[in-house]
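As a plain string of letters, each chain reads:
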Amino acid sequence: MAKFLLVYHGGGMPESQEEQAKVMAAWGGWFQSTGGALKDPGNPISQTSTIAPDGSVSHGGGANPVSGYSLLEAESMDAAVALAKGCPVLQGGASIEVAETYDVM
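A brief look at the structure comes next. Here the structure is a predicted model, which is why all the values come from computation and not from measurement. (Residues numbered from 1 in each chain as written. Predicted model: local features only at pLDDT ≥ 70, side-chain atom pairs only at ≥ 80, totals over all residues. Heavy atoms only, no water.)

A closer look at the overall build of the protein
Phase 1 of the analysis: The helix and strand inventory of the protein stands at two helices and six strands.
Phase 2 of the analysis: When the elements of the protein are put in sequence order from the N terminus, they spell out β-α-β-β-β-β-α-β.
Phase 3 of the analysis: Considering only C-alpha atoms, the protein reaches an extent of 45 × 40 × 20 Å along its principal axes.
Phase 4 of the analysis: When burial is assessed residue by residue, the protein has 22% of its 105 residues classed as buried.
Phase 5 of the analysis: Partitioning the contacts of the protein with sequence separation of at least 6, the portion at a separation of at least 24 is 74%.
Phase 6 of the analysis: For the protein, the exposed surface amounts to about 7100 Å²; the carbon and sulfur share of it is 55%.
Phase 7 of the analysis: When the 4 positive and 11 negative side-chain charges of the protein are each reduced to one mean point, those points stand 7 Å apart. (Helix = DSSP H or I, 4+ residues; strand = E, 2+ residues; numbered from the N terminus. Buried < 20%, exposed > 50% of the residue type's maximum accessible area, 1.4 Å probe, protein only. Contact = heavy atoms within 4.5 Å. Areas by Shrake-Rupley, 256 points an atom, 1.4 Å probe, with all protein chains shown as cover. Lys, Arg positive; Asp, Glu negative; His and termini not counted. Charge placed at Lys NZ, Arg CZ, Asp CG, Glu CD.)

Structure, rendered in structure tokens:
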């Protein structure tokens, strides 16, 4: 099984407690729907800093900042993309970047 990093870009947080409960229920449903493929549900991301090769630091994440991540295992990129399509972060206006990872250590 290959490992995949799901990187969330954009989206927003629910404003009311009722909305938050609905979103959390949707996440719980998605976790179950992955059938154990989800290895780390991840978390949202708040502040970011980017370090350039020259050592300079910029804050804010650029034009398409990362807003969260999850880790899963799947047979292929196509299978990982299919699982990611069910992620509730899409309902909040975010996009998902799916990247295969490799064990090197």
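And the narrative resumes.
A short note on helix α1 (residues 17-33)
Quick reminder: α-helices carry 3.6 residues per turn. Residues three or four places apart thus point the same way.
Phase 1 of the analysis: In a regular helix each residue adds 1.5 Å, so 17 residues correspond to 24 Å; α1 covers 24 Å between its end C-alpha atoms and thus fits that length.
Phase 2 of the analysis: Glycine 35 sits one or two residues past α1 and shows a positive phi near 60 degrees. (Expected span 1.5 Å × (residues − 1).)

Digging into the nonpolar core
Phase 1 of the analysis: Residues Phe4, Leu6, Tyr8, Trp30 and Leu72 are the most contacted members of the largest nonpolar core, which totals 15 residues.
Phase 2 of the analysis: Ranked by residue count, the leading element in this core is strand β1 (residues 2-10), at four residues.
Phase 3 of the analysis: Leave out the neighbours within four places in its chain, and tyrosine 8 touches Trp27, Trp30, Pro65, Val66, Ser67, Gly68, Tyr69, Ser70, Cys87, Val89, Ser95 and Ile96. (Core = buried A, V, L, I, M, F, W, Y, C linked by side-chain atoms within 4.5 Å.)

Observations regarding a nonpolar patch on the surface
Phase 1 of the analysis: On the surface, a nonpolar cluster with roughly 510 Å² of combined accessible area is contributed by Tyr102, Val104 and Met105.
Phase 2 of the analysis: In this structure, tyrosine 102 sits in the segment after β6 (94-101).
Phase 3 of the analysis: Residue tyrosine 102 is classed as exposed on the basis of its relative accessible area, which comes to 62%. (Patch = residues over 30% accessible without salt bridge, like charges linked within 9 Å, V, L, I, M, F, W, Y side chains within 5 Å. Salt bridge = Lys/Arg side-chain N within 4 Å of Asp/Glu carboxyl O.)

So, the side chain of histidine 9
Phase 1 of the analysis: Residue placement: histidine 9 occurs in strand β1.
Phase 2 of the analysis: From its side chain, histidine 9 meets the backbone oxygen of proline 65 in a polar contact 3.5 Å long.
Phase 3 of the analysis: Setting aside chain neighbours within four positions, we find histidine 9 in contact with Asn64, Pro65, Val66, Ser67, Ala94, Ser95 and Glu97. (Polar contact = N/O pair within 3.5 Å; in protein donor to acceptor, adjacent residues only side chain to side chain.)

Considering the packing of aromatic side chains
Phase 1 of the analysis: If you walk through the whole model with that rule in mind, you get four aromatic pairs.
Phase 2 of the analysis: Ring centres of tyrosine 8 and tryptophan 27 lie 5.9 Å apart, and the angle between their planes is 70 degrees; on these two criteria the pair is classed as edge-to-face. Pair noted here: tyrosine 8 is in strand β1 and tryptophan 27 is in helix α1, with a separation of 19 residues, a long-range link.
Phase 3 of the analysis: On the basis of relative accessible area, tyrosine 8 is assigned to the buried category, the value being 4%.
Phase 4 of the analysis: The class for tryptophan 27 is buried, based on a relative accessible area of 16%.
Phase 5 of the analysis: Through a chain of ring-to-ring contacts, three or more aromatic side chains come together here, namely Tyr8, Trp27, Trp30 and Phe31. (Phe/Tyr/Trp six-rings, centres within 6.5 Å; stacked < 30°, edge-to-face > 60°.)

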